[in-house]
Amino acid sequence: MAKRPLLVGNWKMHGDGGDLAVIVAIGEAARRHVAVDVALCLPATLIDRARRVCPGLAIGGQDCHPEPSGAHTGDISAPMLREAGASLVLLGHSERRQDHHEDDALIAAKLRAARAAGLEVILCVGETAEDHAAGRSAEMVRGQLTLSLAGMNGQGIAIAYEPVWAIGGDRTPEPKEVAAMVGLIRNTVAGARVLYGGSVTPDNGEALFVDGGVDGFLVGRQSLDADAFTAILKLIDGTAR
């Protein structure tokens, strides 16, 4: 049975109170395209305000600590995200892996904490340019999945395939490359929705969605623009029908 499409925006370290109008506009678009699940992963400072101005839109965090509380200055726990109004959290993004040196064991601990707090999880996996050039893409992604999930099933978890070399740039893999990785992910994690992320735009989204065989997208910079994000939402809704 086909899974419901899912479109998620990752605002990264962008956004303040002046951007609530963008969130409202995205929420209104989501209400017009009810066949697609829509969520925004926002900076923690915006979660409660976003929930208040747009109560029907799923709001997520961008990371969580593996412990529910403690002496961890500057961190935020999964129960804190849930209490603030988040219903999901993004884990294992390549920027966290690179900038904060997060390994699969830490991501697995965070994933367990998030699920214990009742948060759904979007787990990011993807290979670097070096691994891609060396033909190690499948090996790297399979390893990230196996170690990050640590025996958990796909319940409450979506997998976002984000090739590191395609994030924030002008390069995207061919749809057939995405389709091959989607097949690997589905064979490794039964039942999970599989998203693609990495420079998704309204121009390349349809080919990636149809020929890539994904269940939706994790969108970065295009999610900061309500019109661009809505255009991606519209093409998913139209293509999935």
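All values derive from a computational prediction rather than experimental measurement.

Reading the values: rules and limits
- Residues numbered from 1 in each chain as written.
- Predicted model: local features only at pLDDT ≥ 70, side-chain atom pairs only at ≥ 80, totals over all residues.
- Heavy atoms only, no water.
- Helix = DSSP H or I, 4+ residues; strand = E, 2+ residues; numbered from the N terminus.
- Buried < 20%, exposed > 50% of the residue type's maximum accessible area, 1.4 Å probe, protein only.
- Phe/Tyr/Trp six-rings, centres within 6.5 Å; stacked < 30°, edge-to-face > 60°.
- 1 Å grid on protein atoms, 1.4 Å probe; cavity = no way out; pocket = protein on both sides within 12 Å on 5 of 7 lines; lining within 4 Å.
- Points joined across faces, edges and corners; volume = space filled by probe spheres on them.
- Nonpolar A, V, L, I, M, F, W, Y, C, P; charged D, E, K, R; others polar.
- Salt bridge = Lys/Arg side-chain N within 4 Å of Asp/Glu carboxyl O.
- Core = buried A, V, L, I, M, F, W, Y, C linked by side-chain atoms within 4.5 Å.
- Contact = heavy atoms within 4.5 Å.

(A) View of unusual backbone geometry. One non-glycine residue, Lys12, lies in positive phi territory at about 55 degrees. Inspection of the secondary structure assignment puts Lys12 in the loop between β1 (6-10) and α1 (20-32). Owing to a relative accessible area of 22%, Lys12 belongs among the partly exposed residues under this scheme. Phi is positive for His101, close to 55 degrees, though the residue is something other than glycine.

(B) Broad picture of the packing of aromatic side chains. A full pass over the atoms with the stated rule returns two aromatic pairs. Measuring from ring centre to ring centre gives 6.2 Å for Tyr161 and Tyr196, while their planes differ by 55 degrees; the resulting arrangement is tilted. In this pair, Tyr161 sits in strand β6 (residues 157-161) while Tyr196 sits in strand β7 (residues 193-197), placing the two residues 35 residues apart along the sequence. Residues Tyr161 and Tyr196 agree in their burial class; the two are buried.

(C) Seen up close, empty space enclosed by the protein. Overall, the coordinates contain one cavity of 30 Å³ or more when judged by the stated rule. Size it by volume and the largest cavity reaches roughly 30 Å³. Lining the largest cavity are Gly92, His93, Ser94, Arg97, Cys124, Val125, Gly126 and Glu162. A breakdown of the residues in the lining of the largest cavity according to their chemical character gives two nonpolar, four polar and two charged.

(D) Geometry of the pattern of salt bridges. This structure, assessed with the given rule, holds twelve salt bridges. With a shortest N-O distance of 2.6 Å, Glu102 and Lys110 are connected by a salt bridge. Taking relative accessible area as the criterion, Glu102 reaches 7% and is therefore assigned buried. A salt bridge links Asp215 to Arg186; the nearest nitrogen and oxygen atoms lie 2.9 Å apart. Pair noted here: Asp215 is in the loop between α9 (205-212) and β8 (216-219) and Arg186 is in helix α8 (residues 175-188), with a separation of 29 residues, a long-range link. Here Arg186 falls in the partly exposed class, since its relative accessible area comes to 30%.

(E) Spotlight on the nonpolar core. With 62 residues, the main nonpolar core has Leu123, Ile185 and Phe217 as its most contacted residues. Those residues in contact with Ile185 that lie beyond four places of it in its chain are Val125, Val141, Leu145, Ile159, Tyr161 and Val194. The next biggest cluster of nonpolar side chains, apart from the first, holds twelve residues, and it includes Leu6, Leu88, Ile122 and Leu195.

(F) Focus on the side chain of Gln144. Looking at where Gln144 falls in the secondary structure, it is placed in helix α7 (residues 137-149). When sequence neighbours within four positions are dropped, the list of residues in contact with Gln144 reads Arg97, Asp104, Val125, Gly126 and Leu149.

(G) Region of the structure containing the layout of surface pockets. Space inside the largest pocket adds up to approximately 610 Å³. Around the largest pocket, the lining comprises 26 residues; the ones closest to its centre are Lys12, Gln62, Asp63, Arg96 and His100. For the lining of the largest pocket, the elements supplying multiple residues, two or more each, are α2 (44-53), α4 (94-99) and α5 (104-116). Counting residues per element, the lining of the largest pocket draws most heavily on α4, at three residues. Of the residues contributing to the lining of the largest pocket, the split by class is eleven nonpolar, seven polar and eight charged. By volume, the second largest pocket is sized at about 270 Å³. Lining of the second largest pocket is provided by 17 residues; of these, Leu6, Leu88, Glu120, Ala158 and Arg193 occupy positions nearest its centre. Elements with a minimum of two residues in the lining of the second largest pocket: β2 (37-41), β5 (120-125) and β6. Across the lining of the second largest pocket, the residue classes break down as ten nonpolar, four polar and three charged.

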